[in-house]
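# Architecture at a glance
Listed here are the chains, written in short residue letters.
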Protein chains: 2
Amino acid sequence: MKATIKDVAEKAGVSIATVSRVFNNSSVVVEETKQRILLAAEELRYAPNHVARSLSTRKTESIGMVLPDLHGEFFSEVIRGVDERIQTENYHLVVSCSHNKKNEIQAALQTMRGRVDGLIVMSPHIDAKTLNANLPFSLPVVLLNCSVEDSSRDAITIDNAGGARAIVKHLLQHGHTRIAIIKGPDNNIDSIHRYQGFQRALEEAKIIHDTDLEFTGDFTEEAGRKAVKQWLMLKNRPTAIFASNDTMAIGAISMLQENGILIPDEIAIAGFDDIPISRYIHPKLTTVQISINSMGIQAAEILLHAIHNSENHQTQQKIVPTQIVVRESCGKHL
Amino acid sequence: MKATIKDVAEKAGVSIATVSRVFNNSSVVVEETKQRILLAAEELRYAPNHVARSLSTRKTESIGMVLPDLHGEFFSEVIRGVDERIQTENYHLVVSCSHNKKNEIQAALQTMRGRVDGLIVMSPHIDAKTLNANLPFSLPVVLLNCSVEDSSRDAITIDNAGGARAIVKHLLQHGHTRIAIIKGPDNNIDSIHRYQGFQRALEEAKIIHDTDLEFTGDFTEEAGRKAVKQWLMLKNRPTAIFASNDTMAIGAISMLQENGILIPDEIAIAGFDDIPISRYIHPKLTTVQISINSMGIQAAEILLHAIHNSENHQTQQKIVPTQIVVRESCGKHL
DNA sequence: GAGTAAAATGTAAACGCTTACATAGCTTAA
DNA sequence: TTAAGCTATGTAAGCGTTTACATTTTACTC
C-alpha cells in the first residue's frame, strides 16, 4: 500500500498542510520540522501523488505530442528536441501516434484532453479544416508542419518550397536539364510544397518539365528504389534526381548502384532533410538541411510560453529556413 | 471555462452519477435519459477530466518509458513497438529520457510515480544495484536491456553475446584472423556482452586477440570513423572489423571509403542491430538482426499483463534471439 | 510581563470524478 | 391489494493533493 501525505503527517506529528508545504517549498517551514517530515517521508517511501496534485492545481506538467507516424529518425529527432526543452522545466512528454488516420487523430486529440497542459500536433496529411475542427479549443496548441488556415494558432513550418527550389537550382547550375523528382504522398503538405519549389526552379530556368520524370512515393527507401527502377527503363533517362526526402534518396542510390550507375557522374542525386546518415553514405548525399531537433525545441519553447502566459500570448507563425548542404552526390565541381 | 460533469448533469436534469454511468457504460441507463445527457454534453463540449478520473479509479491508463537517450532509429523503433501494442488498449505513452545519468534516471523514475500504471525501463549503462534501488517498488516494471540481478523482475534482453559470436564466427569462416572490434561504451551492458561474444568466437578459433585491434567508441558514426583512422596507421592492419552497432559500422565504412580501401576486398566489416539503413548503404552491411520493434511490442505485452493481473503475474526473463544477416560488406563468397 | 507583529502551523474546502449504498418507482405474483 | 423484487436514478463518501484562511506559537518592544 502506498503511503499518502496523511501517513507522513501522522508519523511526523504535523498536519498534512505542512507536509505539502515541505514538498512544494511553498512557504517556510522551520528546519527542524522539515527534517522530521522528510525523515518520515523517507521511511514510508512516500512520493507525492501526481494525479491528486494535478487535480488540485489544474496543471499536469505534461505536454502531448501527436505524431503522424513513428518511423525513422525524423520523428525521434523532433521528440528529442521537444523533450530536451521541456525537461528543463520538469514537464513530461506524452507521445501519441495517429497513424495518419483522421479518426485516430481525433481520438488522440480527444484523449489528450485533461491529460496535458499543451499540445504539439504534427499532421502534414490532414487538411486545415478537419484539423481545426478537432483541435481542442481550451488548450494551447502548436502546429508543426500542418496546413495552417489562419494566424489564430501557433505554428511552425519548414520552408519546404524554398529549400526545394534552392537545391534544384543547384542541380540546374550543374548543367542538368532532365531532372526527375521523387515526390512524397500527394496529400502531404511537405510533399506539396517541396514539389512547388521544384516546379518553381524549373520554370525560372525555362525548362519544360517532363511528367515522365515524376514518381509519387511515400517517404520510404523502397519508394526511392521503385522510382529509379522505373526511370532506368526510359530511353531518355534523367541526369539528376531530386528526392523529396533523404530516405527515398538513399533508396534511389542503392538501386542506382545495384545497376552499376555511377553517382554523380551518370546521374546526380539530391535529397531533403539532412538526416544524420546522409553524410555517411557513399556518395555523401547533397541535401537540404533543416534542424529537426531545433524545430522541436522551438515548438516546445512557444508552447511553454503559451502555457505560462495564457492571457497575453501572441500566436506566431514561424517559418524555419532551410539550407542546402552540398556534398558528393550531385557532383562537387562548380 | 471547461464544462464539468456537474454542468452536464444540471443541464440534463439528472445527477452526476448518471452522467458518469453514461460515460463509462458502467450500468444501464435508459435510452432516453442517455440521449439527453449526450446531447447536453455535446452542447457544453464536455469531455471527462482524465485526472479526476484517475484519482478516483487509481488508474492512469498510461505507461511510462525511461530511455537512456533519444538518438537514432533504435529508440524510435522501440517506442513505435510499445506504442503499437498499448494503443490497442487505449493506454498512453509517457516518454522520458535519462540522458544516461544516474541522478536523472532517478529523477525520471521518481516523477513517473503516480503518473503511470507501469514502466518500461531501458538503461544499459546503470548497474543492477543502482537500478534496483531506484526502481519503484509498487509499480509493474519491465526492464529492457538492463543488467538484471535476479529473476524478481520482468526483463527482456537481447542475446548480444550470441549474436556477436555468430557474426564473428562468420568472419572467421571467411578466413579472417586479424579481426578488429569497435566496442561500445565500457559500462554499457550491451557493449560488454557483444564484446564477450566476440572474444568467445576468437577463443574457439584459438586466435590470440591483438589488443591493438580494439577501439572503444560510443555508438556514434564518428566513433566508427575514429577507430578506422587509428587502424589505418598500423603496419599490420586488420582484415576485418566487427562494429558493436550499425551506426559505428557505417561511420567506419565512410572512413574506409574516403581512404580508398575496398570493402570487403581489403577489409571486411560487420555491424550489429540491423537498423533500416543498413540494407541501403553501399556495400550493404552484414549485421546482426534484432527486431527492435517487436521487442517493444513484447515488453508492452508483458507489462500490460502485469498491470492487469497484479496478483498472479509471473515475472519472466526473455532473451530475444538474434540472427545474422549476411549482405555484402563481409564478402559474399562461401 | 503584557501587547503586538510576524512566523509557523493547522483546518477545511475544493479539484472532478467513481461507486457503494440508498431510494423511488414499477412489475409481478399471490 | 400488497409485499416482494427489479430497475433506474440519486446521495454522498472518498481518491490525495493544494491553498485560502484561521489559529497558535514565537520573537520583540516597551
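Residues numbered from 1 in each chain as written. Chains lettered and ligands numbered in written order. Predicted model: local features only at pLDDT ≥ 70, side-chain atom pairs only at ≥ 80, totals over all residues. Heavy atoms only, no water.

### A few points about empty space enclosed by the protein
Evaluation of the coordinates by the stated rule reveals four cavities of 30 Å³ or more. V51(A), R115(A), V51(B), S62(B) and R115(B) are, among the 16 residues lining the largest cavity, the residues nearest its centre. Every element with two or more residues in the lining of the largest cavity is listed here: helix 4 (50-57) and strand 2 (92-97) of chain A together with helix 4 (50-57) of chain B. Within the lining of the largest cavity, the residues separate by chemical class into four nonpolar, 10 polar and two charged. (1 Å grid on protein atoms, 1.4 Å probe; cavity = no way out; pocket = protein on both sides within 12 Å on 5 of 7 lines; lining within 4 Å. Points joined across faces, edges and corners; volume = space filled by probe spheres on them. Helix = DSSP H or I, 4+ residues; strand = E, 2+ residues; numbered from the N terminus. Nonpolar A, V, L, I, M, F, W, Y, C, P; charged D, E, K, R; others polar.)

### Quick look at the interface of chain B and chain A
Between chain B and chain A, the contact holds 52 residues from the first and 51 residues from the second. For the pairing of chain B and chain A, the buried interface totals around 4800 Å² over both sides, and the portion due to carbon and sulfur atoms is 55%. The three residues of chain B that bury the most area against chain A are H92(B), R115(B) and Y280(B), which together make up 15% of that side's buried surface. Taken together, the connections running from chain B to chain A amount to two salt bridges. Here E258(B) and K284(A) are joined by a salt bridge, their closest N and O atoms 2.6 Å apart. Applying the counting criterion to the chain B and chain A interface returns 12 residue pairs in polar contact (both at pLDDT 80 or more). When residues of the side of chain B that touches chain A are traced back to their parent elements, those giving at least two are helix 4, helix 5 (72-87), strand 2 (92-97), helix 6 (102-112), helix 10 (221-232) and helix 11 (246-258) of chain B. In terms of residue class, the side of chain B that touches chain A is built from 17 nonpolar, 20 polar and 15 charged. (Contact = heavy atoms within 4.5 Å. Buried area = accessible area lost by both parts, 1.4 Å probe. Salt bridge = Lys/Arg side-chain N within 4 Å of Asp/Glu carboxyl O. Polar contact = N/O pair within 3.5 Å; in protein donor to acceptor, adjacent residues only side chain to side chain.)

### Side note on the relation of the copies chain B and chain A
Relative to chain A, chain B is turned by 180° and slid 0.2 Å along the rotation axis, the superposed coordinates differing by an RMSD of 0.3 Å. When the rotation and shift are considered jointly, the pair of chain copies conforms to a two-fold rotation axis. The position closest to the rotation axis in chain B is occupied by the C-alpha of V94(B), lying 2.1 Å away. A symmetric contact is evident, with 98% of the interface residues of chain B recurring at the interface of chain A. (Least-squares fit on C-alpha atoms with pLDDT ≥ 70 in both.)

### Side note on the domain arrangement of chain A
The assigned domain composition of chain A is domain 1 (5-48), domain 2 (60-159 + 292-320) and domain 3 (160-290). For domain 1 of chain A and domain 2 of chain A, the distance between their C-alpha centroids amounts to 37 Å. (Domains from an automatic or database assignment.)

### Re the sheet that holds strand 8 (residues 240-243) of chain A
Across a sheet, strands are paired by hydrogen bonds formed along the backbone, either parallel or antiparallel in direction. All names here are of chain A. Read across the sheet, four strands follow the order 7-6-8-9 without closing on themselves; strand pairing throughout is parallel. Edge strands, defined here as strands with exactly one partner in the open sheet, are strand 7 (214-216) and strand 9 (268-270). The average undirected angle you get between the axes of adjacent strands in this sheet is 15°. Its contacts with the sheet put helix 9 (residues 189-204) on strand 6 (179-183), strand 7 and strand 8, and the angle it makes with strand 6 is roughly 170°. Where helix 11 (residues 246-258) meets the sheet, its contacts fall on strand 6, strand 8 and strand 9, and the angle it forms with strand 9 comes to roughly 160°. (Pairing = 2+ DSSP bridges. Axes fitted to C-alpha atoms, helices over the stretch in contact; angles between N-to-C directions.)

### A look at the packing of aromatic side chains
Throughout the structure, instances matching the rule amount to nine aromatic pairs over all chains. Aromatic side chains F198(A) and F242(A) sit 6.3 Å apart centroid to centroid with 15° between the ring planes, which places their arrangement in the stacked category. Placement of the pair is F198(A) in helix 9 and F242(A) in strand 8, with a sequence separation of 44 residues. Each member of the pair, F198(A) as well as F242(A), carries the same accessibility label: buried. Seen from their ring centres, F23(B) and Y46(B) are 5.2 Å apart, and the 75° between their planes marks the pair as edge-to-face. Note that F23(B) is positioned in helix 2 (residues 16-24) and Y46(B) in the loop between helix 3 (31-44) and helix 4, a separation of 23 residues in sequence. (Phe/Tyr/Trp six-rings, centres within 6.5 Å; stacked < 30°, edge-to-face > 60°. Buried < 20%, exposed > 50% of the residue type's maximum accessible area, 1.4 Å probe, protein only.)

### Points about the protein's contact with DNA strand C
Within the structure, DNA strand C sits among 27 residues, and S15(A), R21(A), T33(A), I5(B) and S20(B) are positioned closest to it. When atoms of DNA strand C within 4 Å of the protein are sorted by moiety, sugar and phosphate together comprise 67%. A distance of 2.4 Å separates a phosphate oxygen of DNA strand C from a polar atom in the side chain of S20(B). The separation between a phosphate oxygen of DNA strand C and a polar side-chain atom of R53(B) is 3.3 Å. Of all the secondary structure elements, the ones that give two or more residues to the surface near DNA strand C are helix 2 (16-24) and helix 4 of chain A together with helix 2 and helix 4 of chain B. (Near = heavy atom within 4 Å.)

### A few points about the sheet that holds strand 8 (residues 240-243) of chain B
Residue and element names in this part refer to chain B. Pairing within the open sheet is parallel, and its four strands lie in the order 7-6-8-9. Pairing within the sheet leaves two strands with one partner each, and these edge strands are strand 7 (214-216) and strand 9 (268-270). Strand-to-strand twist in this sheet, taken as the mean axis angle between neighbours without regard to direction, amounts to 15°. With three bridges connecting them, strand 8 and strand 9 associate as parallel partners. Each bridged residue has a counterpart across the sheet, and for A240 the counterpart in strand 9 is A268. Sitting on the sheet, helix 8 (residues 160-173) touches strand 6 (179-183), strand 8 and strand 9, and the angle it makes with strand 8 is about 170°.

### Some thoughts on the packing of helix 4 of chain A against helix 4 of chain B
Here helix 4 of chain A crosses helix 4 of chain B at 140°, and the two axes come no closer than 9 Å. Classified by the angle their axes make, helix 4 of chain A and helix 4 of chain B are oblique. By crossing handedness, the relation of helix 4 of chain A to helix 4 of chain B is classed as left-handed. Of the residues in helix 4 of chain B, those touching helix 4 of chain A at V51(A), A52(A), S54(A) and L55(A) are V51(B), A52(B), S54(B) and L55(B). (Parallel < 35°, antiparallel > 145°, perpendicular 65-115°, else oblique. Left-handed = near helix turned anticlockwise from the far one by under 90°.)

### As for the protein's contact with DNA strand D
Within the structure, DNA strand D sits among 27 residues, and I5(A), S20(A), T18(B), R21(B) and T33(B) are positioned closest to it. Each atom of DNA strand D within 4 Å of the protein was classed as base or backbone; sugar and phosphate made up 65%. Within the side chain of Y46(A), a nitrogen or oxygen atom sits 3.1 Å from a phosphate oxygen of DNA strand D. One of the side-chain N or O atoms of R58(B) is found 3.2 Å from a phosphate oxygen in DNA strand D. Those elements that place two or more of their residues in the surface near DNA strand D are helix 2 and helix 4 of chain A together with helix 2 and helix 4 of chain B. A class-by-class count of the residues in the surface near DNA strand D yields 13 nonpolar, 11 polar and three charged.

### Things to note about the packing of helix 1 (residues 5-12) of chain B against helix 3 of chain B
Residue and element names in this part refer to chain B. Close contact between helix 1 and helix 3 brings their axes to 9 Å; oriented N to C, the two are set at 125°. Of the possible angle classes, the one that applies to helix 1 and helix 3 is oblique. Helix 3 is crossed by helix 1, and the crossing has right-handed handedness. Where helix 1 abuts helix 3, its residues D7, V8, K11 and A12 lie against R36, I37, A40, A41, E43 and L44. Partitioned by chemical class, the residues of the contact of helix 1 with helix 3 number six nonpolar, no polar and four charged.

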